[in-house]
Amino acid sequence: MLKCRIIPCLDVISNRVTKGVKFKNNIDLGDPVELAQRYYEDGADELVVYDITASAENRPIDIEMVRRVAKAVRIPFAVGGGISSLSDMELVLEAGAEKISVNSLAVKNPVIIEEGARAFGKQCIVLGMDPIRADAETDKFPSGYEITTHGFRNHSGMDAVEWAKRAVDLGAGEIVVNSVDADGTQSGFELTITRKIAEAVNVPVVASGGAGSAEHLRDAFVIAHADAAIVAGILHTGLFTIQELKRQLNEFGVPVRL
């Protein structure tokens, strides 16, 4: 049986890791390279690093930061933010990342998924998505969830499950489902939409947004059928270590790499 992965997330602003609740009221939590190394040494299976203001500031991702993270860890990591072209993707991979995460860019220009998969392989292309609950399940949103972009400020008019399936058809090799409603709350993952997407696609699905305990991770793996779970605030603040989470998951019968 495949092991369930725990993936620390580093949201970076001005070369500092930050964390907020539902993308608001962010606080400074430290140096991204130091945190990346700490989580690598504590048993993280992968990492994800988001330069969360690059797109809004209309600038490329901080490549030097990516290089520094690559030198500090020996596990796969994905990078997102400020990636707008194949050349940007190539720079990120050359800097040492294994995966490229696209979100708002892919909604605006879906062909970037296809081009990236053709150039670098499907395993390198991660679709990040920020779904939010729609008012009701309608013909427009049959899953009951709409895709948002730009830190959930913009509504796309796209159904979350339909977008996931289309992205996989285009070449996305993994999907990160980041719940806007649960982000930063530590109240548990949004299991409904995560499971709907996991059941609709044939690529790994990563639950993101809302991790507050090992029980929450167990639910993401067992109930929502996620292949991996992203954790952030509970690690950054020292509430849990990765090893503590893995030990508890192992006790729950969830297969993890100890």
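Look above for the structure.
Model, not experiment: these values are computed from the prediction.

J.: Can you break down the overall build of the protein chain residue by residue, with the values?
T.: In terms of regular secondary structure, the protein chain is built from 10 helices and 12 strands. For the protein chain, whose C-alpha radius of gyration is 17 Å, the value lies close to the compact-globule estimate of 18 Å for 258 residues. Seen through its C-alpha atoms, the protein chain measures out along the principal axes to roughly 45 × 40 × 40 Å. Taking all 258 residues of the protein chain together, the buried fraction comes to 57%. Counting contacts in the protein chain only where the partners sit at least 6 residues apart, residues at least 24 apart contribute 64% of the total. A total accessible area of about 11300 Å² is found for the protein chain, and carbon and sulfur atoms account for 48% of it. Here the protein chain holds 27 positive side-chain charges and 36 negative ones, and the gap between their average locations is 1 Å.

J.: So, the packing of helix H1 (residues 32-41) against helix H2 (residues 63-72): which residues are in play, and what are the values?
T.: Direction vectors running N to C along H1 and H2 enclose 25 degrees, while the axes themselves pass 9 Å from each other. Put simply, H1 runs roughly parallel to H2. In this structure, H1 meets H2 at a crossing whose hand is right-handed. Contact with H1, carried on its side by Pro32, Val33, Ala36, Gln37 and Tyr40, involves Met65, Arg68, Val69 and Ala72 of H2 and no other residues of that element. Looking at the contact of H1 with H2 residue by residue, the classes come out as 7 nonpolar, 1 polar and 1 charged.

J.: So what's going on with the pairing of strand S11 (residues 205-208)? Which residues, and what values?
T.: Because side chains alternate across S11, one face comprises the buried residues Val205 and Ala207, and the other comprises Val206 and Ser208, equally buried. Pairing of strand S10 (residues 174-178) with S11 involves 4 bridges; the strand directions are parallel. Across the sheet, the residue bridging to Val176 is Val206, located in S11. Of the crossover connections in this fold, the one passing from S10 over helix H7 (residues 191-200) to the parallel S11 is right-handed. The pairing of S11 with strand S12 (residues 228-231) spans 2 bridges and is classified as parallel. For Ala207, the partnering residue across the bridge sits in S12 and is Ala229.

J.: Any chance you could break down the packing of helix H5 (residues 111-120) against helix H6 (residues 160-170) for me, citing the residues and the numbers?
T.: Remark: H5 packs on H6, axes separated minimally by 8 Å, with the N-to-C direction vectors making an angle of 35 degrees. When the axes of H5 and H6 are compared, the crossing they make is right-handed. Only Trp163, Ala167 and Leu170 of H6 make contact with H5, whose side of the interface consists of Ile113, Glu114 and Ala117. Looking at the contact of H5 with H6 residue by residue, the classes come out as 5 nonpolar, no polar and 1 charged.

The rules behind these values
- Residues numbered from 1 in each chain as written.
- Predicted model: local features only at pLDDT ≥ 70, side-chain atom pairs only at ≥ 80, totals over all residues.
- Heavy atoms only, no water.
- Helix = DSSP H or I, 4+ residues; strand = E, 2+ residues; numbered from the N terminus.
- Rg over C-alpha atoms; globule rule 2.2 N^0.38 Å.
- Buried < 20%, exposed > 50% of the residue type's maximum accessible area, 1.4 Å probe, protein only.
- Contact = heavy atoms within 4.5 Å.
- Areas by Shrake-Rupley, 256 points an atom, 1.4 Å probe, with all protein chains shown as cover.
- Lys, Arg positive; Asp, Glu negative; His and termini not counted.
- Charge placed at Lys NZ, Arg CZ, Asp CG, Glu CD.
- Axes fitted to C-alpha atoms, helices over the stretch in contact; angles between N-to-C directions.
- Parallel < 35°, antiparallel > 145°, perpendicular 65-115°, else oblique.
- Left-handed = near helix turned anticlockwise from the far one by under 90°.
- Nonpolar A, V, L, I, M, F, W, Y, C, P; charged D, E, K, R; others polar.
- Pairing = 2+ DSSP bridges.
- Right-handed = clockwise from strand over helix to strand, strands pointing away.

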